[in-house]
Amino acid sequence: MALVLTEEQQLLRDTATQFFQERLPIANLRKLRDTKDATGFDRAIWKEMSDLGFAGIMISEKYGGTDFGPVGLGLVLEQAGRTLAASPLVSTVLLCGSAVQLAGNATQRQDILSAIAAGDRIMALALEEGPHHNPTRIATRAEASGQAFRISGKKTFVLDGHVADQLIVAARTSGNENDRAGITLFLVDPKSEGVKITRTLMVDSRNAADISFDNVSVPATAVLGSVDGGIDVLEQVLDIARIGISAEMLGLVQEVFDTTLAYLKERKQFGKVIGSFQALQHRMAVLFAEIELCRSVVLDALSALEARRNDVPLIASLAKARLSDTATLMTNEGLQMHGGMGMTDQFDVGLFMKRARVATASFGDGNFHRDRYASLEGY
């Protein structure tokens, strides 16, 4: 594993840092929240991100992408995490772009990947059906009907589902609700008859939706991958998403640490800056060590994806568990060290705490991934 970025990767990181600080600062999220923006992100800025190559960073140049790979996307997501940037990077690029690359046929790849890379299509993965992450708990059914399928069921926590131009829906074509086999992925037009979408506002001011499907008809050509073979694609896609959101959380914890450290150097009590108190210094030292461990874990996970190593599922769970725990610890500590002011909307640390809570629950929390890691190791 290379712990040093190449010259190209450093240039990409610097470009992303400048872009997010100038075009998507935390003030942008506050504006979207306070104005109750119907989209939930700035489409014009998303187009700018696409023009910079961020939307096509995992997509082959053949389809208009930059093909910079997982490490490149991780660097972009880390910088997005530092400014709490609201964008469809996770829903469209990490989840759906990866699914199409892994399972799409030539026609689907040409149509969808080129549109994603150009910033012309927003996509959402309709997977979850309960309050907790469980990718094999699929009750939504797709019944074959001639040269078509009819989908019925309900999905929740569909990221950017209320503005998606196209959905990828996980539905059961055989077996029972909790069976691992029998899941198929379908491309669905959200404007199809029988699709009902309800936007949900999350605590971190990001987008999600509840979507119901009532006998929705899709052609057989809408199958993504093979019938009954969706779980193999889903597991790979979710591992990519887990590593990507871990990279975002790395940026989040680094920003909270830097902000809290700056506050400790200026806030005074009893005639001294509170950063001079040894008890707080010890707590900050622990947090610094946690960030260094997280940085190594995330870089190894991104490298595992890039090298297509066999231990990607293990390292993805390791990274998600580690970053979920550290993001919770860091935002708790950051808020406490800001004192009562940290609880107010005047300070940004509360916004980071809310984002950390949602990111931690997304694609499995720490407990989910410790259990998965143990199971993968045979325990």
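What you are looking at is a predicted structure, and each value in this text was computed from that prediction instead of being measured.

S.K.: An account of the pattern of salt bridges is needed here, citing residue identities and associated values.
M.R.: Across all of its chains, the model carries 25 salt bridges by this definition. In this structure, the salt-bridge partner of R137 is E177, at a minimum N-O distance of 3.4 Å. Of this pair, R137 sits in the loop between β1 (123–126) and β2 (141–145) while E177 sits in the loop between β4 (166–172) and β5 (183–188), and the two are 40 residues apart along the sequence. The class for E177 is partly exposed, based on a relative accessible area of 34%. Across the salt bridge formed by E333 and R283, the nearest N and O atoms sit 2.8 Å from each other. Here E333 is found in helix α9 (residues 312–337), whereas its partner R283 is found in helix α8 (residues 278–307), with 50 residues between them in sequence.

S.K.: Explain the pairing of β1 to me, and be specific about the residues and the numbers.
M.R.: Across the two faces of β1 the burial is the same, with M123 and L125 and A124 and A126 all buried. Pairing geometry for β1 and β4, over four bridges, is parallel. Bridge pairing in β4 places M123 opposite Q166.

S.K.: Just give me the short version of helix α5 (residues 89–103), but keep the residues and values in it.
M.R.: End to end, α5 covers 19 Å across 15 residues, agreeing with the expected 21 Å (1.5 Å per residue, within 8%). The sharpest bend along α5 reaches about 30° and sits at C96.

S.K.: Before we move on, could you go through the packing of aromatic side chains and cite the residues and values that matter?
M.R.: Where two aromatic rings form a pair, the distance of their centres and the angle of their planes describe that pair. Applying the stated criterion to the full structure yields six aromatic pairs. Pairing F257 with F288 gives two aromatic rings, centres 6.1 Å apart and planes at 50°, and the pair type is tilted. Of the two residues, F257 is situated in helix α7 (residues 230–266) and F288 in helix α8; the sequence distance between them amounts to 31 residues. Take F288: its relative accessible area is 45%, and that puts it in the partly exposed class. On the basis of an interplanar angle of 90° and a centroid distance of 5.8 Å, the ring pair of Y263 and F347 is categorised as edge-to-face.

S.K.: Could you give me a rundown of the nonpolar core, with the residues and numbers involved?
M.R.: The nonpolar side chains of soluble globular proteins are, as a tendency, buried together. Counting 124 residues, the largest nonpolar core has F20, I151, I168, F186, V188 and F213 as its most contacted members. The element best represented in this core is α7, accounting for 18 residues. Beyond its immediate chain neighbours, meaning those up to four positions away, F213 contacts I151, S152, G153, K155, L167, V169, V188, G194 and V195.

S.K.: Now, about the environment of L335: what can you tell me, with residues and values included?
M.R.: One can find L335 in helix α9. Once the C-alpha coordinates of L335 and D348 are considered, the two residues, 13 residues apart in sequence, prove to be 9.5 Å apart. With sequence-adjacent residues up to four places away left out, L335 is seen in contact with G342, M343, V349 and M353.

S.K.: Describe the side chain of T140, naming the residues involved and giving the relevant values.
M.R.: Tracing the chain through its elements places T140 in the loop between β1 and β2. Residue class for T140 comes out buried when judged on its relative accessible area of 1%. In contact with T140, other than residues within four places in its own chain, are E129, I151, S152, G153, K154, K155, A170, A171 and R172.

S.K.: Please give an account of the packing of α5 against helix α6 (residues 106–117) that cites residues and values.
M.R.: As a packed pair, α5 and α6 sit with axes 9 Å apart at the nearest point and diverge in direction by 160°. As the angle between them shows, α5 and α6 are arranged roughly antiparallel. Helix-helix and strand crossings are classified by hand; for α5 and α6 the assignment is left-handed. On α6, the residues touching T92, V93, G97, V100, Q101, L102 and A103 of α5 are Q108, R109, I112, L113 and I116. In the contact of α5 with α6, the residues fall into seven nonpolar, four polar and one charged.

S.K.: Which residues make up the packing of helix α1 (residues 7–23) against helix α3 (residues 43–51), and what values do they have?
M.R.: In the contact formed by α1 and α3, the axes pass within 12 Å of each other and the chain directions differ by 170°. What the angle tells us is that α1 and α3 run roughly antiparallel. Seen along the crossing, α1 lies across α3 with a hand that is right-handed. On the side of α1, the interface is formed by F19, F20 and R23, while α3 contributes I45, E48 and M49. Considering only residue class, the contact of α1 with α3 consists of four nonpolar, no polar and two charged.

Calculation rules
Residues numbered from 1 in each chain as written. Predicted model: local features only at pLDDT ≥ 70, side-chain atom pairs only at ≥ 80, totals over all residues. Heavy atoms only, no water. Salt bridge = Lys/Arg side-chain N within 4 Å of Asp/Glu carboxyl O. Helix = DSSP H or I, 4+ residues; strand = E, 2+ residues; numbered from the N terminus. Buried < 20%, exposed > 50% of the residue type's maximum accessible area, 1.4 Å probe, protein only. Pairing = 2+ DSSP bridges. Expected span 1.5 Å × (residues − 1). Bend = angle between axes of the 7 residues up to and from the residue. Phe/Tyr/Trp six-rings, centres within 6.5 Å; stacked < 30°, edge-to-face > 60°. Core = buried A, V, L, I, M, F, W, Y, C linked by side-chain atoms within 4.5 Å. Contact = heavy atoms within 4.5 Å. Axes fitted to C-alpha atoms, helices over the stretch in contact; angles between N-to-C directions. Parallel < 35°, antiparallel > 145°, perpendicular 65-115°, else oblique. Left-handed = near helix turned anticlockwise from the far one by under 90°. Nonpolar A, V, L, I, M, F, W, Y, C, P; charged D, E, K, R; others polar.

Structural measurements only, silent on function.
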